[in-house]
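Descriptive structure summary
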Amino acid sequence: MTNQEIKTLGEKYVMNTYGRYPVALVRGEGTLVWDADGKEYLDFLGGIAVNALGHCAPEVTGALKEQADTLIHCSNLYWIEPQVQLARLLCENSVFDKVFFCNSGAEANEGAIKLARKYSELKYGPGRHTVLTMDNSFHGRTLATLTATGQPKFHKHFHPLPEGFSYAPFNDTAAFEEALTEDVCAVLLEPVQGEGGVFAADADFLSRVQELCRKKDILLILDEVQTGMGRTGHLFGYEAYGLTPDLMTLAKGLGGGVPIGAFLATEAVARAFSPGDHGSTFGGNPLNTRVGQAVLETMTAPGFLEGVREASSYFRRGLNILKEKYSFIREIRGLGLMVGLDLTFPGAELTRQGFEEGLLFNCTNNTTLRFLPPLTISREEMDRALAILDSLFSKACPEEQEGK
């Protein structure tokens, strides 16, 4: 089928919930994807931080094929060997002791909220159930995680929203301390706000957040759905800040393209759950956990994360050259290969033009171009992307070139 044929069929049968480009991507390899008409693109969005090892990475496809020939699914009424192995790897490479597997980042955040509330009620009784999140945050599309998201634009049309959530300004220590009322059982935040515009947390702010949470026995939950799995140049984002959270949520890059989510907890917190408190039909099934195991083994191999940090430095150097050249680039933000380039004007049109030129990225928070390339990105691919961006920027503001 052609792009147009797929688009026409999709408009007829698929719900209108996404602003889609008029193409269908049908094949991928590494950083490259091709649409149904054969056009090639450099993918610097990576399925929104999902394809961490690139498209159709041999580690992912090999694990998929092997497991698909062995056992695809069985109930969590039985032990599942790949699930147990992935849980072991996650715990051995983090500060956590126990894992629950689910299907997505929103489900992971839902589960972490449930666990935090039960932990608090068992220890302190009812009434201490509020989850404090940050303004400009994003935690998912379910009703609870939508409410946890500190952006009113996402709440519109979906009232009444669940009770038990409050908000504080990001990176504002004084306001955070004021918002930490007696009914708060947990603080949920992203080390880097992705959908909110790629804003990284200040180290001093996170240090104070952890200090206050420890002092008041409030659980610290880090939403690492986007920052986790090598994206920041560390296996998990909390390592970049020297934190020891009580819970952490994962998804996206954990499956390398296969749907999977997880939340991790310390033993003291995890024991609040008993059989029947939480569950997931497909969570942690043999197929997705076997792939997750392959992804994690790849990322923890010697040199992998060092390579991510080197790639990040190289890409940022290129972006800084563009920033010096074009005055409408206000700021370069983020950590590792989670990069935001903030402009003085809305970036949606540049995103569309980039698509036309064969470079995929997106615009978040209206003015921020977001780049989430595979962690295996090469210098040659980064150079190609930077050249396309240079061309786009020169056309966006040609007067910038006068006199140079």
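Figured I'd write up the structure that's included with this text. (Residues numbered from 1 in each chain as written. Predicted model: local features only at pLDDT ≥ 70, side-chain atom pairs only at ≥ 80, totals over all residues. Heavy atoms only, no water.)

This paragraph deals with the overall build of the protein chain. Along its length, the protein chain carries 15 helices and 17 strands. The C-alpha atoms of the protein chain give 21 Å as radius of gyration, which agrees with the globular expectation for 404 residues (22 Å, within 12%). With respect to the three principal axes, the spread of C-alpha positions in the protein chain is 65 × 55 × 50 Å. Burial statistics for the protein chain: of 404 residues in total, 54% are counted as buried. About 18200 Å² of surface is accessible on the protein chain, with carbon and sulfur atoms providing 53% of the total. Separation of charge centres in the protein chain, based on 37 positive and 51 negative side chains, amounts to 2 Å. (Helix = DSSP H or I, 4+ residues; strand = E, 2+ residues; numbered from the N terminus. Rg over C-alpha atoms; globule rule 2.2 N^0.38 Å. Buried < 20%, exposed > 50% of the residue type's maximum accessible area, 1.4 Å probe, protein only. Areas by Shrake-Rupley, 256 points an atom, 1.4 Å probe, with all protein chains shown as cover. Lys, Arg positive; Asp, Glu negative; His and termini not counted. Charge placed at Lys NZ, Arg CZ, Asp CG, Glu CD.)

Taking 1.5 Å as the rise per residue, helix H13 (residues 304–325) with 22 residues should run 32 Å; its terminal C-alpha atoms sit 32 Å apart, in good agreement. Along H13, the residues classified as buried are Phe-304, Leu-305, Val-308, Ala-311, Ser-312, Tyr-314, Phe-315, Arg-316, Gly-318, Leu-319 and Leu-322. Buried residues in H13 make contact with helix H12 (286–299), strand S13 (329–335), strand S14 (338–343), strand S17 (368–371) and helix H15 (379–396). (Expected span 1.5 Å × (residues − 1). Contact = heavy atoms within 4.5 Å.)

In total, this model carries 17 salt bridges according to the counting rule given. For Arg-352, the salt bridge is made with Glu-356, and the minimal N-O distance between the two is 3.8 Å. With Arg-352 and Glu-356 both in helix H14 (residues 348–356), this residue pair falls 4 residues apart, about one helical turn. (Salt bridge = Lys/Arg side-chain N within 4 Å of Asp/Glu carboxyl O.)

This part covers the packing of aromatic side chains. One pass over the structure, following the stated rule, counts 16 aromatic pairs. Pairing Tyr-41 with Phe-355 gives two aromatic rings, centres 5.5 Å apart and planes at 15°, and the pair type is stacked. Of this pair, Tyr-41 sits in strand S3 (residues 40–43) while Phe-355 sits in helix H14, placing them 314 residues apart in sequence. The buried category is assigned to Phe-355, whose relative accessible area is 7%. Ring centres of Phe-176 and Phe-205 lie 5.9 Å apart, and the angle between their planes is 80°; on these two criteria the pair is classed as edge-to-face. (Phe/Tyr/Trp six-rings, centres within 6.5 Å; stacked < 30°, edge-to-face > 60°.)

Membership of the largest hydrophobic core comes to 82 residues, with the highest contact counts inside it found for Phe-176, Val-187 and Phe-393. Broken down by element, this core gets its largest block of residues, 8 residues, from H13. The contacts of Val-187, once residues within four sequence positions are left out, are Leu-132, Met-134, Phe-176, Leu-180, Val-209, Cys-213, Ile-218, Leu-219, Leu-220 and Ile-221. Residues Ala-144, Ala-148, Leu-219 and Ala-265 belong to the second largest nonpolar core, which totals 20 residues. (Core = buried A, V, L, I, M, F, W, Y, C linked by side-chain atoms within 4.5 Å.)

This part takes up the side chain of Thr-249. With respect to the helices and strands, the residue Thr-249 is situated in strand S11 (residues 247–250). Dropping the residues within four chain positions of it, Thr-249 is found in contact with Ala-108, Asn-109, Ala-112, Leu-222, Asp-223, Glu-224, Val-225, Ala-262 and Phe-263.

As a further point, take the side chain of Thr-149. With respect to the helices and strands, Thr-149 occurs in the loop between helix H6 (143–148) and helix H7 (152–155). Residue classification places Thr-149 among the buried residues on the basis of a relative accessible area of 0%. If sequence neighbours within four positions are ignored, Thr-149 has contacts with Ser-137, Phe-138, His-139, Gly-140, Phe-154, His-155 and Tyr-167.

The subject of this paragraph is the sheet that holds strand S10 (residues 219–223). Strand order in the open sheet made by the 7 strands is S4-S12-S11-S10-S7-S5-S6, with mixed pairing throughout. The open sheet has two edge strands, strand S4 (98–102) and strand S6 (165–168), and neither has a second partner. Each strand of the sheet is rotated relative to its neighbour by a mean of 20°, with strand direction disregarded. Of the strands in this sheet, strand S5 (130–134), strand S7 (184–189) and S10 touch helix H9 (residues 203–216), which is tilted by about 160° from S7. (Pairing = 2+ DSSP bridges. Axes fitted to C-alpha atoms, helices over the stretch in contact; angles between N-to-C directions.)

Time to look at the packing of helix H3 (residues 58–68) against H12. A pair of packed helices is captured by two measures, namely the crossing angle of their axes and the spacing between those axes. Two elements in contact, H3 and H12, have axes whose closest approach is 9 Å; the angle formed by their N-to-C orientations is 150°. When the axes of H3 and H12 are compared, the pair comes out roughly antiparallel. In terms of crossing hand, the pair formed by H3 and H12 is right-handed. Between H3, through Glu-59, Val-60, Ala-63, Leu-64, Glu-66, Gln-67 and Ala-68, and H12, the contact on the second element is made entirely by Pro-286, Leu-287, Arg-290, Val-291, Ala-294, Val-295 and Thr-298. Each residue belonging to the contact of H3 with H12 can be placed in one class, and the counts come to 9 nonpolar, 2 polar and 3 charged. (Parallel < 35°, antiparallel > 145°, perpendicular 65-115°, else oblique. Left-handed = near helix turned anticlockwise from the far one by under 90°. Nonpolar A, V, L, I, M, F, W, Y, C, P; charged D, E, K, R; others polar.)

Relative to the helices and strands, Ile-113 is located in helix H5 (residues 105–124). The exposure class assigned to Ile-113 is buried, which follows from its relative accessible area of 4%. Between the C-alpha atoms of Ile-113 and Lys-153, which are 40 residues apart in sequence, the distance is 22 Å. Excluding its chain neighbours within four sequence positions, the residues that come into contact with Ile-113 are Val-131, Phe-165 and Leu-188.

The interhelical angle for the contact between H13 and H15, taken along N-to-C directions, is 20°, at an axis separation of 10 Å. For the element pair H13 / H15, the angle class is roughly parallel. Considering how the two elements wind past one another, H13 and H15 form a crossing that is right-handed. Residues Ala-311, Tyr-314, Phe-315, Arg-317, Gly-318, Leu-319, Leu-322 and Lys-325 of H13 pack against Arg-379, Met-382, Asp-383, Leu-386, Leu-389, Asp-390 and Phe-393 of H15. Residue composition of the contact of H13 with H15, by class: 9 nonpolar, 1 polar and 5 charged.

Right, let's get into a nonpolar patch on the surface. There is a patch of nonpolar side chains on the surface, built from Met-1, Leu-9, Tyr-13 and Val-14 and spanning about 460 Å² of accessible area. Relative to the helices and strands, Val-14 is located in the loop between helix H1 (3–13) and strand S1 (25–29). The class for Val-14 is partly exposed, based on a relative accessible area of 46%. (Patch = residues over 30% accessible without salt bridge, like charges linked within 9 Å, V, L, I, M, F, W, Y side chains within 5 Å.)

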